[in-house]
Amino acid sequence: MWHRDSDRYRMFTRRAIMLGAGQGVLLTGLAARMYYLQVMEGNRYATLADENRISHRLLPPPRGIITDRFGAPLAVNRQNYHILIVREQSPDVRKTLTVLSQIIEIEPETIDRVENDVQRRRSFVPITVRDNLTWDEVARVGVNAPDLPGIIIDAGRSRDYPEGPHLAHTLGYVAAVAEKELTGDPLLELPGFRIGKSGIEKTYDMSLRGRAGTSQVEVNALGRVIRELDREEGQSGETVVLTLDIELQRFTNQRLSEHESAAAVVMDVYNGDVLAMTSHPTYDPNSFTNGISHKLWDSLINNEYSPLSNKAVNGTYSPGSTFKTCVALAALEAGVITPEQRFFCPGHLDLGNARFHCWKRGGHGWVNMHDSMKHSCDVYYYELSQKLGIDKIAAMARRLGLGEPTGVDLPSERSGLIPTREWKETQLGKRWQGGETLICSIGQGYVLTTPLQLATMTARLASGKAVTPHLTRDHVSPDDIEARNDAEFPDLDVSRAHLAIIHDGMNGVTNELRGTAYRSRIKIKGLEMAGKTGTSQVRRISMHERQTGIIGNDDLPWKYRDHALFIAFAPVENPRYACAVVVEHGGSGSGVAAPIARDLLTKAQELKSSRPGVSAVNIQSASQILRTTTKKQES
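The structure presented is a predicted model; accordingly, all values stated were derived computationally and were not measured.

Things to note about the packing of aromatic side chains
Applying the stated criterion to the full structure yields eleven aromatic pairs. Ring centres of Phe 356 and Tyr 382 lie 6.0 Å apart, and the angle between their planes is 65°; this geometry places the pair in the edge-to-face category. In this pair, Phe 356 sits in strand E15 (residues 354–357) while Tyr 382 sits in helix H15 (residues 378–388), placing the two residues 26 residues apart along the sequence. Their ring planes at 45° and their centres at 5.9 Å tell us that Trp 432 and Tyr 446 sit as a pair that is tilted. Of the two residues, Trp 432 sits in the loop between helix H17 (421–427) and helix H18 (434–441) while Tyr 446 sits in the loop between H18 and helix H19 (451–463), which places them 14 residues apart along the sequence. Residue class for Trp 432 comes out buried when judged on its relative accessible area of 8%. Taking relative accessible area as the criterion, Tyr 446 reaches 25% and is therefore assigned partly exposed. Within the aromatic cluster, the residues linked to one another by ring pairs are Tyr 173, Tyr 283, Phe 288 and Trp 297.

Encoded structure:
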C-alpha cells in the first residue's frame, strides 16, 4: 500500500515538473516576444499610433520592349519629365500657372483643367500639369523655381516608338485605360498606367505589362505619405521580337508614300515570316502615348485616306486578275483543262442576253493557259469558270488562304469573302447566277481579299506549302536568320507539276516580251521575279461608255479610279520572298503596283545577301507568350 502511494507521488511530481517547465517556456517565449515588439520594434509600431497606418502601394513595372528580327528597338521606354503642382504649397494656383506659361508652353485649356482638378483632390495630392518636357524646358523651370511655389518636376517613363510612322499600324500604340477596360486588376487603376490599344501592343499586352512592384509607406489619417518603409521592385515585361526587317519596312513606307493610299506585304514563302507590312498613309503612334489632342484626332478620323486603318489586314479589295492564278490552278487540279488547250478571245463572251468583256477591246485571239496569264486574258477565265463552277473555284481559293483570317498576330483582321452558291442563298436569299461565276473568275463581283491574304496566296503558290503568316519570332538563329523547319507547314496537297505551270505563267507576265508587267521586271540576274498583275474596277462601265470610249483613270476623280494590284515571288528559280501590293485607285496594276513590288523584292534580296549572319537574341517563344497571355486573361 505504501509503495503504491510512493509511486503515485513520484508520478505526480514528474508531471508537475513537466507542466511547470512547459509554462516556463511559454512565459519565456511570451516575454521575449513582448520585448521584441516593445523594445526592438517599438519605434516602428509607435508610428501606427495617433491615427497613422501602413499603406501598400503598387509600382508600375517597366513595359517590355519590342524589337525587329535583328534586335533593333521598335518600342522602348524613355524617361519622361513632367510638371506637377501641389495646391497646399501654392497660395494662388492660377497665378503660378500663368507665370509657368510664360516660361514653357501651357495651353489656356490646361490651366482651366488643372484648376478643376485641384478643387476635386486633396490639397497635398500632386496634379499633372504637362508631360514630355524637353531637357531645355526642365532647365528653364528649374532656374525659375523660386517664382513657382508648388511646382514640382517629376521623372517617370513613357512609351516611345523610335521609328514613328514607319510601324504605326503593326506596332499599334498604348494609351490610358478606359473605364470599360477595367477588369479588377489594381495595376490598371494606377494613375497614368498605359495598355496596348492596337497592333502588337494589344495582342501581347498581358506579357508586355510585366509584374507590378510594391511600396510600403507610412501615411497619416489624411492619406499624406510620411515616409517609405520598404520597396520591392516589379518585373519588367517580356521582350517581343518581331519578324520585321526595319530596313525593308522603312523602304516599303518610303515607296508607298508616293501614292495617296496603299498597302504592301513582303513575307518569307517557307517560314511565314512577315518581313514588311505597310499601310499608307500612316500616323505617329507617339501622339497617343500621353493623350492625343482633339485637333489631331479629328484630322485623322476625317482623312479620306483612312490613316488609322491598317489596310494590309483590314482593307478588303477585289483582287482583280491576280485571282486568275487561283482559277487556273483549280482548273488544272479538277482536270477540266490541259495547259495546251486554247480558247478564242474576240474581246468578249456572250452568256444568255449578257455580254462579258475582256479588258482588251479587240481580244487576244487564240490563247492557252500560259498566254492567258501572260496577257491576262479575261475571256479565257470566263471559259474556265463555266467548266469549273463557283464552288470549285471557292474551294481552291480557301486552300490558298483566301476567304478567312490568316491568323496573323494582329487584332481585328478581316476575313475577306469567297462566295459560294450556299453563301448567296443563305446571306442574300437569292440563287447564284451563271454570270456571277464569270465575274468572280477575274477577281471581281463578290470576291474580296486583303493584301496579307494575297501575299499568303502567293507564298503558297511559290512554295507548295500551306504557309501561314506571323509577326513574332520564336528565336533568332546566329547561323541562319531565315532558319525554320519548312516541315512546320503541311503540303498544299496540289500537284507540283500544276504549280510549275502556274509559275511558268507568272514568269511570262514579268520576264517575257509583251507580258503585262515586262517593263517592271527585275533585270538583275538571279533576282528575277514572277508575278501577276491585277486591275480592279470600282465603278460600273456603261454600254454607252464602251461604245463611245471608256474614260481613262486619269480623267476620273480619285475615288472612281481602278485599284492597282500586283502579286509576285522571287527569285524565280528558287522562291524565297512573296509580295502583294495594292494601290487604292491607283489605276493600272502593271503601271503602278508592279514597279513597287519589283523594288520591294529587289531590296529584300539585296538585304539578305548583305547579311551573312546575326547575333543570337534570347527571347521567350511567341507561342509561349500567347499561352501566358491566354492564361492571364482566363484568370
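Quick word on the sheet that holds strand E12 (residues 274–280)
One open sheet holds the five strands; their spatial order is E12-E11-E19-E18-E17, and the pairing between them is antiparallel. Both outer strands of the open sheet, E12 and strand E17 (530–536), are each paired with one neighbouring strand and no more. For this sheet, the mean inter-axis angle between neighbouring strands, taken without regard to orientation, is 5°. Where strand E18 (residues 563–570) and strand E19 (residues 577–583) come together, seven bridges link them in antiparallel fashion. Along E19, the bridge assignment pairs Phe 566 with Val 581.

Considering the side chain of Glu 584
With respect to the helices, strands and loops of the structure, Glu 584 is situated in the loop between E19 and helix H22 (589–609). Comment: no salt bridge for buried Glu 584; closest opposite-charge side chain is Lys 311, at 5.2 Å. Looking at Glu 584, its side chain comes within polar contact range of the side chain of Ser 261, at 2.8 Å. In this structure the side chain of Glu 584 is engaged in a polar contact, spanning 2.7 Å, whose partner is the side chain of Tyr 317.

With respect to unusual backbone geometry
Cis rather than trans, the peptide bond between His 280 and Pro 281 has omega equal to 5°. Structurally, Pro 281 is set in the loop between E12 and helix H10 (286–289). With omega at -10°, the peptide bond leading from Ala 570 into Pro 571 counts as cis. With respect to the secondary-structure elements, Pro 571 resides in the loop between E18 and E19. Of note in the backbone geometry, Ser 306 takes a positive phi value of approximately 55° without being a glycine.

Examining the confidence of the model for the chain
Across the chain, pLDDT averages 84, with 81% of residues at or above 70. With pLDDT under 50 throughout, residues 613–635 is counted as low confidence; its partners more than four residues away or in other chains account for 39 contacts.

Focus on the nonpolar core
Counting residues in hydrophobic clusters, the biggest one holds 92 residues, and the most contacted among them are Met 277, Phe 323, Tyr 380 and Leu 384. Ranked by size, the runner-up nonpolar core spans 29 residues in total, among them Leu 248, Leu 256, Ala 570 and Leu 607.

So, the packing of helix H13 (residues 324–334) against helix H20 (residues 496–511)
The N-to-C vectors of H13 and H20 enclose an angle of 150°; their axes lie 10 Å apart at closest approach. With respect to the hand of their crossing, H13 and H20 are arranged in right-handed fashion. Here H13 contributes Thr 325, Ala 328, Leu 329, Leu 332 and Glu 333 to the contact with H20, which in turn contributes His 498, Leu 499, Ile 501, Ile 502 and Met 506. Tallied by class, residues from the contact of H13 with H20 come to seven nonpolar, two polar and one charged.

Quick notes on the rules
Residues numbered from 1 in each chain as written. Predicted model: local features only at pLDDT ≥ 70, side-chain atom pairs only at ≥ 80, totals over all residues. Heavy atoms only, no water. Phe/Tyr/Trp six-rings, centres within 6.5 Å; stacked < 30°, edge-to-face > 60°. Helix = DSSP H or I, 4+ residues; strand = E, 2+ residues; numbered from the N terminus. Buried < 20%, exposed > 50% of the residue type's maximum accessible area, 1.4 Å probe, protein only. Pairing = 2+ DSSP bridges. Axes fitted to C-alpha atoms, helices over the stretch in contact; angles between N-to-C directions. Lys, Arg positive; Asp, Glu negative; His and termini not counted. Salt bridge = Lys/Arg side-chain N within 4 Å of Asp/Glu carboxyl O. Polar contact = N/O pair within 3.5 Å; in protein donor to acceptor, adjacent residues only side chain to side chain. pLDDT = per-residue confidence, 0-100. Contact = heavy atoms within 4.5 Å. Core = buried A, V, L, I, M, F, W, Y, C linked by side-chain atoms within 4.5 Å. Left-handed = near helix turned anticlockwise from the far one by under 90°. Nonpolar A, V, L, I, M, F, W, Y, C, P; charged D, E, K, R; others polar.

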